[in-house]
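Reading the structure
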Protein chains: 2
Amino acid sequence: MYQKGKVRKMVSVAIMGHGVVGSGVAEILLTHKQKLFSHLGEEIYIKKILDLREFPDSPIADRFTKDFEEIINDLEIRVVVEVMGGIHPAYEFVKRCLKAGKSVVTSNKELVAAHGAEFFAIAKEENTNFMFEASVGGGIPIIRPMNQCLVANNVREVAGILNGTTNFILTRMIEDGMPFDDALKLAQDLGFAERNPAADIEGHDACRKICILASLAYGRHIYPQSVHTEGITGIALEDVKFAEAFGYVIKLIGRVKKLDDGRIDILTAPMLVPFNSQLSNITNEFNGIMVRGDCTGDVVFYGKGAGKLPTASAVVADVVDCCKHLKARRFLFWADGDGKNIIDWRDSVSAMYVRASGENAAQKAEAVFGDINVTEGDGVTAMLTTEMTYRVFEEKCKALKAQGVEILSAIRIGDI
Amino acid sequence: MYQKGKVRKMVSVAIMGHGVVGSGVAEILLTHKQKLFSHLGEEIYIKKILDLREFPDSPIADRFTKDFEEIINDLEIRVVVEVMGGIHPAYEFVKRCLKAGKSVVTSNKELVAAHGAEFFAIAKEENTNFMFEASVGGGIPIIRPMNQCLVANNVREVAGILNGTTNFILTRMIEDGMPFDDALKLAQDLGFAERNPAADIEGHDACRKICILASLAYGRHIYPQSVHTEGITGIALEDVKFAEAFGYVIKLIGRVKKLDDGRIDILTAPMLVPFNSQLSNITNEFNGIMVRGDCTGDVVFYGKGAGKLPTASAVVADVVDCCKHLKARRFLFWADGDGKNIIDWRDSVSAMYVRASGENAAQKAEAVFGDINVTEGDGVTAMLTTEMTYRVFEEKCKALKAQGVEILSAIRIGDI
């Protein structure tokens, strides 16, 4: 507890939201108080917590407020943590805090992916900081290390398993042969699935995160609506099994590459990941992110991508950084972007996994695709093609359909 | 190239050593000059390179010197990179640079492990920075992320594959069934083995690195001479095969834990790592480091632990950080330590893998060890014991020998 009457340098902070992550942030700030003090040389004092609910049993129940104006108008509050989630009113609150010269820390990937560039511009103008380490990879340090990697590297590619819920579901399908629906239900029962599973299973959450990493890597905001996104709802157990027979596992991957001509190839989609890739071994609710630099080569970061304390500890690390840099901006920035440097997703090149049925499907596929790697079983044919653009792949599929071959599923093969 | 006559803010740096890493640092500073400038807002200008050899073909041949005094006496040089390796004269040079108020960046793990605390004390007094990201894990960002993890976490344990040479050798033994001597020769032929392979294969290099990570994690210098170290020269192909049969791979692990009573349990030794551990999948010359925090859970960092450009890019990231913080110290510090908080390595607890021969070895071992997991083959018996201190393990081995059982090898099992 904060000791009144004792002279100790301190920084006052406010926390907006007292849900899972917010209560974790308050908990760490209270339980790790001495550790934080010895690191920072100043005490981090939670002056206000904003939440519409009541928390009478909190040890700091007297510091709760339902009124944002109490935070914005308090000149002592230098750092504001936004862990409310969603866009409104988080967007308005963050903007007002930054304009008032307060530093803001958020774990809200939806907000960063939608408004990061705008926040950075305000933070730059007001000479304050906007930080979001917890928005990608939960407790895995990724934003700061990537920013560090970036200094002496041209980042060629970033690819990651960025959503724990879908990775948990796919792991159950792979390891236990559990059908998608059962695995989703299990994830919900265990509390891994978020309130609205659509954001996870349809790939939107992973898309927001790869947008954040891509914006950071290449310096211009890439908005989620510019990124082709496919979820995992169409993945069948049969695909999982054929993938294994070919030496791959299926993972939901957010991936961005810089092409030789400087344009950006970005995508969120399930991919076949080869057994020998570091990303293939990332199972259950864990996340893993690979950063491919021209100097460092591949660097992979692995850990729990969500959860109360992992995420909260990343938020607290940002709070400490903000407290250290109240008068100096940290270099963390991207400019706004118009999406014009992003290639059409149909021009993105990859080898494909295809599951098909129909008479002589393998021979017909070979005639259309050229060199393929085929496995047959149970009246269906599974195959791996060589690399081609998605546009060409679609044309070839059309040609196959005209010959009576039904394409049951098609999944990209990731060279990661 | 540096453009004369143009007013552009710049920081002058010197590089001591123009070997593999040093030439990589110069290369990155020259080839990534614009990128670094846009990040830092100042140009990093290599003013001097110290090396006793001549490099007439270098694009900056005119800036080489053989005289350290030219660096120490140049007030414009604010940051000095030490990439000479070895203790002398690196130690004396680094000390003099810090005392002169210059920031120092090093990749020299031997130097950091031997003199880190002394350098930190001087840096603190002179309000300058001493940084060493490249000393552990080459191009993998680990020092800064760990320092960040540490802020909001009590680190319970750090365990890592910290030496690429031995990991390459063990991988050849595991994947190709190649005997140790052949694998060592291959590593040397491929340039993975350092000048003196003893430092690698006897575990000293890995020991220095876990000492650096342990000192950082727990705030007091842990010197290599306080750490029990075993290399991989005693690992036989038979052990590799038995380990696999039990579901493990053998890896050289540097590991430090904080016990519940606050004491430190630190060790460098080959260990059986279970297949499902993230560290088991780190093969060839790659490194991987697991940091176990009370809030984040397990976080793993993976990448190339050595090599010219990976290591040099980590050095350059430190140089940039020093340039940004010429007047402000970064929080990176540990105090001196007397080793009194380190437990005797024989009191460290682990389960053991044992390979033994002799009549009825399995029954005798069961009578002595209690519950064991046994596999027999080719006149030898391999077994996994339950957990015990190494002291107790040695006593039990003595009792077994008295019964005519020969202990052919004994390797710890890592719970990592």
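See the structure above.
The sections below set out a description of the structure shown in this document. (Residues numbered from 1 in each chain as written. Chains lettered and ligands numbered in written order. Predicted model: local features only at pLDDT ≥ 70, side-chain atom pairs only at ≥ 80, totals over all residues. Heavy atoms only, no water.)

Quick look at the side chain of K102(A)
All names here are of chain A.
- Here K102 lies in the loop between α4 (90-99) and β5 (103-106).
- An unpaired buried charge is present at K102: no salt bridge exists, and D74, the closest side chain of opposite charge, is 6.0 Å distant.
- Engagement of the side chain of K102 in a polar contact is seen with the backbone oxygen of D74, the distance being 2.8 Å.
- When residues no more than four places from it in sequence are discounted, the contact partners of K102 are I71, I72, D74, L75, I77, R78, V80, C97 and T128. (Helix = DSSP H or I, 4+ residues; strand = E, 2+ residues; numbered from the N terminus. Buried < 20%, exposed > 50% of the residue type's maximum accessible area, 1.4 Å probe, protein only. Lys, Arg positive; Asp, Glu negative; His and termini not counted. Salt bridge = Lys/Arg side-chain N within 4 Å of Asp/Glu carboxyl O. Polar contact = N/O pair within 3.5 Å; in protein donor to acceptor, adjacent residues only side chain to side chain. Contact = heavy atoms within 4.5 Å.)

What to know about the packing of aromatic side chains
- Applying the stated criterion across every chain yields a total of 31 aromatic pairs over all chains.
- Their ring planes at 35° and their centres at 5.9 Å tell us that Y91(A) and F119(A) sit as a pair that is tilted. Placement of the pair is Y91(A) in helix α4 and F119(A) in helix α5 (residues 109-126), with a sequence separation of 28 residues.
- Over the aromatic face of F333(B) sits the side chain of K124(B), whose NZ or CZ is 4.8 Å from the ring centroid.
- Over the aromatic face of F168(B) sits the side chain of R172(B), whose NZ or CZ is 5.2 Å from the ring centroid. (Phe/Tyr/Trp six-rings, centres within 6.5 Å; stacked < 30°, edge-to-face > 60°. Lys NZ or Arg CZ within 6 Å of the ring centre and 35° of its normal.)

Quick notes on the relation of the copies chain A and chain B
- Superposing chain A onto chain B takes a rotation of 180° plus a shift of 0.0 Å along the axis, which leaves an RMSD of 0.0 Å. These values place the two chain copies in the arrangement generated by a two-fold rotation axis. Measuring from the rotation axis to each C-alpha of chain A, the shortest distance belongs to F301(A), at 2.4 Å.
- The residues that chain A uses at the interface reappear at the interface of chain B in 100% of cases, marking a shared surface. (Least-squares fit on C-alpha atoms with pLDDT ≥ 70 in both.)

A look at the interface of chain A and chain B
- In this complex, chain A contributes 43 residues to the contact, which on the side of chain B involves 43 residues.
- Surface buried jointly by chain A and chain B totals about 3,700 Å² across both partners, of which 60% is contributed by carbon and sulfur atoms.
- The three residues of chain A that bury the most area against chain B are Q148(A), V151(A) and Y302(A), which together make up 18% of that side's buried surface.
- Between the two partners, chain A and chain B, sit zero salt bridges. (Buried area = accessible area lost by both parts, 1.4 Å probe.)

Digging into helix α10 (residues 204-218) of chain B
Residue and element names in this part refer to chain B.
- Helix length check: α10, at 15 residues, gives a terminal C-alpha distance of 21 Å against a target of 21 Å (1.5 Å per residue), a fit within 8%.
- Burial runs high along α10: 14 of the 15 residues are buried.
- Once α10 ends, the next one or two residues include G219, with phi positive near 80°. (Expected span 1.5 Å × (residues − 1).)

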